[in-house]
Amino acid sequence: MGAAQLVAWFLALAAAAGAAVSAAGARPSEVALGALFTYDSTIGRAARLAIELAVDDVNADGTVLAGTKLSLKSRDTNCSAFLGTVEAFQLMEENVVAVIGPQSSGIGHVISHVANELHVPLLSFAATDPALAALEYPYFLRTTISDYFQMNAVASIVDYYQWKRVTAIYVDDDYGRGGVSALGDALATKRAIISYKAAIPPNSNADVISDVLVRANMMESRVMVVHVNPDTGKRIFSAANKLQMVASGYVWIVTDWLAAVLDSSASRDLKDMSHIQGLIVLRQHTPESDAKNKFISKWNTMARNRSVTSGLNSYGFYAYDSVWTVARAIDQFLDSGQQINFSTDPRLHDSNGNTLRLSTLKIFDGGEQMLQQLLLTNFTGVTGPVQFGSDRNLVRPAYDILNVGGSGSRLIGYWSNHSGLSIAAPEILYQKPPNTSAQQLYNVLWPGDSTTMPRGWVFRNNGQALRVGVPNKASFKDLVSSRGPGNVTGYCIDVFNTAIKLLPYPVPVQFVTIGDGTKNPSYIGIVSMVAANTLDAAVGDFAIVRNGTAISEYTQPYVEAGLVIVAPVKQTPPSAWAFLKPFTLEMWCVTGALFILVGVVVWLLEHRINEDFRGSPRRQVITIIWFSFSTMFTAHSKSCRCFT
């Protein structure tokens with residue numbers, strides 16, 4: 001081979017190598033992105049337009065996926081876990097590199113196993129069940145706030161108002177059970193508990209929901225935490241209103257589903273709003289920004305063009321940012337030289353007569369690398385900072401706290417895991433060191449148009465009343481008197497009723513009279529009935545005696561010991577001689593005679609040896625009288641030896 005031929009061969013080899021490198025790094029013209037949610041739902045209607053708008057914005061942006069177009073493949077789950085799973089399988093046949101969704105936590109649990117096998121990341125903007133963050137689902141990535149944080153916000157509200165017991169009302173599915181489990185853990189850190197769990201079967205009618213609420217209303221807690229889906233939630237408050245449970249004394253704390261309903265209702269029905277007056281509602285917090293306002297304007301324009309009557313809610317913001325998260329991850333994935341390839345799974349094959357076409361499901365070869373790029377996401381979207389922490393949850397979770405009143409709702413504060421409850425926006429507090437000591441909310445209008453904070457606790461309706469024994473006796477009826485069954489009066493009864501009213505919760509009392517009223521019953525016998533648990537307590541003019549203290553506890557005495565005589569007071573006009581009133585004229589004469597007698601006796605003993613009792617008869621008489629009367633005010637020990 002000559003030199004010229006050798007040079008030509010090397011040039012050809014270099015050209016071939018360059019062409020191979022160019023082919024290896026070539027970007028695809030189109031990348032398929034899946035979307036899985038319920039079209040006709042409160043969340044789905046907002047998310048559908050947001051996802052389509054985001055795809056259009058990505059394709060129009062030259063800085064992301066330059067030369068590559070996102071192709072959206074959407075599937076409707078129809079609010080069914082079964083149909084949603086089937087649609088998910090069909091979506092995977094489209095060779096999608098990621099799926100925006102699912103909307104339902106139940107479907108998320110099922111198809112996460114499929115995603116694990118096919119290495120297709122799931123980015124859910126609405127599945128909030130905290131259990132989906134488990135290591136069992138590595139390809140599930142939540143692009144909204146987990147209910148773990150929402151339930152911590154609820155627990156902070158409960159602790160702020162110093163309630164200790166709550167009733168959890170939830171749909172008995174993965175979403176409801178996961179949220180209530182997180183609520184129980186969050187309340188435990190605040191030394192509070194879920195005293196009753198009112199589980200509602202999925203797709204329940206109004207009668208079933210009413211039965212569940214009746215049982216919940218029989219319990220002691222009046223703090224209701226409602227964690228359901230929008231359709232069930234509407235039926236819950238319609239039934240609660242008929243049962244008069246949205247009234248004074250009740251507390252209703254509702255998770256973010258109701259905020260989504262309120263935000264999506266362009267023309268709110270005042271009749272429906274009357275069912276939810278005084279509720280506390282949580283909503284995912286999205287900071288104000290130019291990007292957010294621009295997105296809202298675009299969404300509203302698209303909604304008008306398509307005659308969409310529902311409005312935009314917070315889930316629409318997260319759906320929009322989810323598409324941008326995938327787009328940026330794909331861009332980084334392609335920039336690193338990776339190729340979007342799919343391969344068949346030898347374990348998935350069509351057996352004879354099988355119409356499921358399992359062989360059409362293919363594994364995304366770059367799924368692991370795509371997942372890593374998603375976890376490295378860090379940009380600012382319409383929802384604020386979009387970044388995942390070490391726990392694979394979004395950083396800086398925060399909630400708006402709303403109070404429903406009139407035809408809308410008003411903001412009463414915020415919650416964030418950085419500073420807890422506050423009236424300052426979380427994005428302001430994140431610029432300062434963490435501080436959860438100063439918790440603060442604005443005033444709340446409670447159910448029943450009350451501004452007084454409810455106690456949040458009553459004696460359960462199916463509980464036993466406090467059995468209080470009362471002696472039915474013949475004497476001292478001003479202290480205790482019985483005028484029939486349940487009709488007892490007297491000073492002791494008034495003291496007891498006043499003490500009951502000072503308790504932080506109402507206590508029903510059943511007075512049980514002991515005795516026939518003609519003679520006094522045995523007081524130690526009544527105390528023995530308390531010790532034997534026949535009675536819960538006893539009220540009356542009980543004396544603290546040794547035999548009684550050995551078997552029961554007594555309160556502190558509220559009447560002084562000793563004999564007390566009570567006499568009526570007669571009004572008399574004021575007079576300078578009022579000091580004479582205590583004694584009669586005869587008594588005053590006897591007292592004066594005794595004074596004179598004492599003076600005479602002292603004179604007989606002293607006049608022979610005491611010069612003060614000598615002198616003229618007139619002087620001695622004056623001395624006797626003066627000495628007698630002066631004994632009332634002066635001690636004569638120094639001048640009279642007879643008293644020494």
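Residues numbered from 1 in each chain as written. Predicted model: local features only at pLDDT ≥ 70, side-chain atom pairs only at ≥ 80, totals over all residues. Heavy atoms only, no water.

Engineer: Account for the overall build of the protein chain, with residues named and values stated.
Structural biologist: A tally of regular secondary structure across the protein chain gives 19 helices and 22 strands. Evaluated residue by residue, the protein chain yields a buried proportion of 44% over its 644 residues. Pairs at least 24 residues apart make up 67% of the contacts formed inside the protein chain by residues separated by at least 6 positions. For the protein chain, the exposed area adds up to about 33,600 Å²; of that, 56% sits on carbon and sulfur atoms. (Helix = DSSP H or I, 4+ residues; strand = E, 2+ residues; numbered from the N terminus. Buried < 20%, exposed > 50% of the residue type's maximum accessible area, 1.4 Å probe, protein only. Contact = heavy atoms within 4.5 Å. Areas by Shrake-Rupley, 256 points an atom, 1.4 Å probe, with all protein chains shown as cover.)

Engineer: Summarise the sheet that holds strand 21 (residues 509–514); cite the residues concerned and give the values.
Structural biologist: Reading across from one edge, 21-18-22 is the order of the three strands in this open sheet, with parallel pairing throughout. Since the sheet does not close on itself, it has two edges, and those belong to strand 21 and strand 22 (537–538), each with one partner. Contacts between helix 15 (residues 491–501) and the sheet are confined to strand 18 (466–471) and strand 21, with strand 21 contributing the most and set at about 160 degrees to the helix. (Pairing = 2+ DSSP bridges. Axes fitted to C-alpha atoms, helices over the stretch in contact; angles between N-to-C directions.)

Engineer: Before we move on, can you summarise the pattern of salt bridges with the specific residues and values?
Structural biologist: Where charged atoms of side chains with opposite charge meet at close range, the side chains can pair. All chains considered together, the criterion is met by 16 salt bridges. Ionic pairing is found between Glu220 and Arg165, a salt bridge with its closest N-O pair at 3.1 Å. Of the two residues, Glu220 sits in the loop between helix 7 (206–217) and strand 8 (223–227) while Arg165 sits in strand 6 (residues 165–171), which places them 55 residues apart along the sequence. What makes Glu220 buried here is its relative accessible area of 9%. The class of Arg165 is partly exposed, set by a relative accessible area of 32%. Residues joined in a network through salt bridges with shared partners are Arg27, Asp331 and Asp335. (Salt bridge = Lys/Arg side-chain N within 4 Å of Asp/Glu carboxyl O.)

Engineer: If you had to explain unusual backbone geometry to someone new, which residues and values would you point to?
Structural biologist: Cis geometry marks the peptide bond from Gly101 to Pro102, where omega comes out at 5 degrees. Along the polypeptide, Pro102 turns up in the loop between strand 3 (99–100) and helix 4 (105–118). Even without being glycine, His119 reaches a positive phi, approximately 60 degrees. Inspection of the secondary structure assignment puts His119 in the loop between helix 4 and strand 4 (122–124). With a phi close to 55 degrees, Asp449 is a non-glycine residue in the positive phi region. Locating Asp449 in the fold gives a position in the loop between helix 14 (426–429) and strand 18. Judged by its relative accessible area of 59%, Asp449 is exposed.

Engineer: Now, about the side chain of Thr377: what can you tell me, with residues and values included?
Structural biologist: Along the chain, the position of Thr377 falls in the loop between helix 13 (367–375) and strand 13 (378–381). Polar side-chain contacts of Thr377 include one of 2.6 Å to the backbone oxygen of Leu374. In this structure Thr377 touches Thr325, Val386, Gln387 and Phe388, once residues within four positions along its chain are discounted. (Polar contact = N/O pair within 3.5 Å; in protein donor to acceptor, adjacent residues only side chain to side chain.)

Engineer: Talk me through the confidence of the model for the protein chain; I want residue IDs and the actual numbers.
Structural biologist: The share of residues in the protein chain with pLDDT of 70 or more is 90%, and the mean pLDDT across the chain is 86. Below pLDDT 50 for its whole length, residues 6–24 participates in three contacts with residues either more than four positions away or in separate chains. Here residues 638–644 is a poorly scored stretch, pLDDT under 50, and it has eight contacts once near neighbours within four places are set aside; other chains count. (pLDDT = per-residue confidence, 0-100.)

Engineer: I'd like a rundown of the sheet that holds strand 15 (residues 398–405), residues and numbers included.
Structural biologist: Spatially, eight strands are ordered 7-6-8-9-10-15-16-17 in an open sheet, and the strand pairing comes out mixed. The outermost strands of the open sheet, each flanked by one partner alone, are strand 7 (193–200) and strand 17 (420–422). In this sheet, adjacent strand axes meet at a mean angle of 25 degrees when their direction is disregarded. The pairing of strand 16 (residues 408–416) with strand 17 spans three bridges and is classified as antiparallel. Residue pairing in the sheet places Ser416 in a bridge with Gly420 of strand 17. The strands that helix 7 touches are strand 6, strand 7 and strand 8; relative to strand 7, the one it contacts most, it runs at about 165 degrees.

Engineer: Describe the packing of helix 7 against helix 8 (residues 230–242), naming the residues involved and giving the relevant values.
Structural biologist: Where helix 7 meets helix 8, the axes come as close as 9 Å, and the angle between the chain directions of the two elements is 60 degrees. Between helix 7 and helix 8, the crossing angle belongs to the class labelled oblique. For the pair helix 7 and helix 8, the crossing hand works out as right-handed. Residues Ile209, Ser210 and Leu213 of helix 7 form the contact with helix 8, whose own contacting residues are Thr232, Arg235, Ile236, Ala239 and Ala240. Split into classes, the residues belonging to the contact of helix 7 with helix 8 amount to five nonpolar, two polar and one charged. (Parallel < 35°, antiparallel > 145°, perpendicular 65-115°, else oblique. Left-handed = near helix turned anticlockwise from the far one by under 90°. Nonpolar A, V, L, I, M, F, W, Y, C, P; charged D, E, K, R; others polar.)

Engineer: Now, about the environment of Ile276: what can you tell me, with residues and values included?
Structural biologist: With respect to the element layout, Ile276 can be found in the loop between helix 10 (270–273) and strand 10 (280–284). Assessed through its relative accessible area of 7%, Ile276 is described here as buried. Spatially, the C-alpha atoms of Ile276 and Val246 are 7.2 Å apart, while their sequence positions differ by 30 residues. The contact partners of Ile276, leaving out residues within four places of it in the chain, are Phe237, Leu258, Leu262 and Val404.

Engineer: Please give an account of the pairing of strand 8 that cites residues and values.
Structural biologist: Looking along a regular strand, one sees the side chains alternate between the two faces of the sheet. Within strand 8, five of the five residues are buried, which leaves the element mostly enclosed by the surrounding structure. Where strand 6 lies against strand 8, four bridges are found, and the strand directions are parallel. Pairing of Ile169 across the sheet is with Val226, part of strand 8. Sheet analysis places strand 8 next to strand 9 (residues 251–254), joined by four bridges and oriented parallel. Looking across to strand 9, one finds that Met224 is bridged to Trp252. Following the backbone out of strand 8, through helix 8 and into the adjacent parallel strand 9, one traces a crossover that is right-handed. (Right-handed = clockwise from strand over helix to strand, strands pointing away.)

Engineer: For the packing of aromatic side chains, give the residues involved together with the corresponding values.
Structural biologist: This model, assessed by the stated rule, comprises 18 aromatic pairs. Its end group placed over the ring of Tyr39, Arg48 keeps NZ or CZ at 4.1 Å from the ring centre. (Phe/Tyr/Trp six-rings, centres within 6.5 Å; stacked < 30°, edge-to-face > 60°. Lys NZ or Arg CZ within 6 Å of the ring centre and 35° of its normal.)

Engineer: Go over the nonpolar core, please, and point to the residues and values.
Structural biologist: With 108 residues, the main nonpolar core has Leu70, Phe125 and Ile253 as its most contacted residues. A per-element tally of this core places helix 12 (residues 314–335) first, with 13 residues. When residues no more than four places from it in sequence are discounted, the contact partners of Leu70 are Val31, Leu33, Val55, Val58, Asn59, Leu65, Val323, Ala327 and Ile330. Judged by nonpolar contacts, the second largest core, of 32 residues, contains Ala240, Val254, Val261 and Ile276. (Core = buried A, V, L, I, M, F, W, Y, C linked by side-chain atoms within 4.5 Å.)

Engineer: Outline a nonpolar patch on the surface, supporting the account with residue identities and numerical values.
Structural biologist: Together, Trp577, Phe579, Leu580, Phe583, Met587 and Trp588 line one region of the surface with nonpolar side chains, adding up to about 620 Å² of accessible area. Summarising the element assignment, Trp588 is placed in helix 18 (residues 585–606). Given a relative accessible area of 31%, Trp588 falls into the partly exposed group. (Patch = residues over 30% accessible without salt bridge, like charges linked within 9 Å, V, L, I, M, F, W, Y side chains within 5 Å.)

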